[in-house]
Amino acid sequence: MSSRPLGGERVAALRAAPLTYEEVGGTSRSVLPPGYHVVEGSRTVVGRGFDEAAALLMTWQVPVRAGLRVAPSAPRVALDEVVEMRLGLGPLAVRIPCRVVAVVDEPDRVGFAYGTLPGHPECGEELFLLERGAQGEPVFTIRAFSRPGTVLTKVGGPAARWFQRLMTRRYLCALDAAS
């Protein structure tokens with residue numbers, strides 16, 4: 001798939017849009033907000049060092065390598081930047097608009113969380129966190145809480161949850177050297 005910049009009018013519209021959930025920053029808390037479906041996963045990045053994996057993470061490469069078309073407002077992840085991802089082709093593509101609500105930039109921890117905007121199939125937040133493990137290896141964690149945000153995901157029920165777990169697995173493998 002690909003990454004291309006998001007156009008100016010669309011950036012302005014997404015930046016002005018309200019988040020579709022109230023618990024902003026919830027993925028960084030020890031207990032996730034009640035009333036949401038939770039997805040969590042973690043794995044050691046294969047064949048890539050921490051700094052290289054961090055550079056990929058912070059330039060939107062996780063969703064690109066997971067198979068989404070990605071249009072960010074800036075080439076690097078930063079607080080309040082917006083991104084519109086798409087899954088599928090043409091008029092049948094599902095739009096996935098998000099705003100970055102938190103950024104982690106520490107020597108041994110790098111990542112970000114984004115929240116859902118109107119039009120996203122889900123309502124909630126997702127954290128992408130890369131940490132330096134005990135032996136220096138990069139460990140990638142994804143933590144999300146969500147509930148259906150459109151008729152498609154409400155009607156989809158178990159299929160929508162299955163697809164969310166599938167995408168989480170794809171995200172977790174996206175920083176591997178073989179990706």
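None of the values given here were measured: they were computed from a predicted structure.

The helix and strand inventory of the protein stands at 4 helices and 7 strands. Moving toward the C terminus, one meets the helices and strands of the protein in the order α-β-α-α-β-β-β-β-β-β-α. Taking 16 Å as the expected radius of gyration for a compact globule of 179 residues, we find that the protein reaches 15 Å, a close match to that expectation. Put simply, the protein has 179 residues, and 47% of those count as buried. Working note: accessible area of the protein is about 8600 Å², and carbon and sulfur atoms make up 59% of it.

For the rest of this paragraph, the subject is the confidence of the model for the protein. Any region with low pLDDT has predicted coordinates that should not be read closely. Confidence in the prediction for the protein averages 93 pLDDT; 98% of positions are at 70 or higher. Taking the mean pLDDT of every element in the protein, the minimum, 90, falls on helix α4 (residues 151–173) and the maximum, 98, on strand β5 (residues 109–116).

Once that is clear, we can look at unusual backbone geometry. The backbone phi angle of W60 is positive, close to 65 degrees, even though this residue is not glycine. Locating W60 in the fold gives a position in the loop between α2 (50–57) and α3 (61–65).

Let us look at the pairing of strand β6 (residues 122–132). With respect to burial, β6 is a largely interior element, 9 of its 11 residues being buried. As judged from the 7 bridges shared by β5 and β6, these two strands associate in the antiparallel manner. Looking at the pairing, V110 lines up with L130 of β6. For β6 and strand β7 (residues 138–148), the ladder comprises 11 bridges, and the chain directions are antiparallel. Bridge pairing in β7 links L127 to R143. From the end of β6 to the start of β7, which pair antiparallel, there are 5 residues, and G136 there has a positive phi angle of about 90 degrees.

Counted under the stated rule, the structure contains 7 aromatic pairs. Look at F128 and Y171: their rings are 5.4 Å apart centre to centre, the planes differ by 65 degrees, and that puts the pair in the edge-to-face class. One end of the pair, F128, is in strand β6; the other, Y171, is in helix α4, with 43 residues separating them in the sequence. Y171 gets classed as buried once you look at its relative accessible area, which sits at 6%. Members of the aromatic cluster, connected to one another through ring pairs, are W60, F112, Y114, F128 and Y171.

Parameters and conventions
Residues numbered from 1 in each chain as written. Predicted model: local features only at pLDDT ≥ 70, side-chain atom pairs only at ≥ 80, totals over all residues. Heavy atoms only, no water. Helix = DSSP H or I, 4+ residues; strand = E, 2+ residues; numbered from the N terminus. Rg over C-alpha atoms; globule rule 2.2 N^0.38 Å. Buried < 20%, exposed > 50% of the residue type's maximum accessible area, 1.4 Å probe, protein only. Areas by Shrake-Rupley, 256 points an atom, 1.4 Å probe, with all protein chains shown as cover. pLDDT = per-residue confidence, 0-100. Pairing = 2+ DSSP bridges. Phe/Tyr/Trp six-rings, centres within 6.5 Å; stacked < 30°, edge-to-face > 60°.

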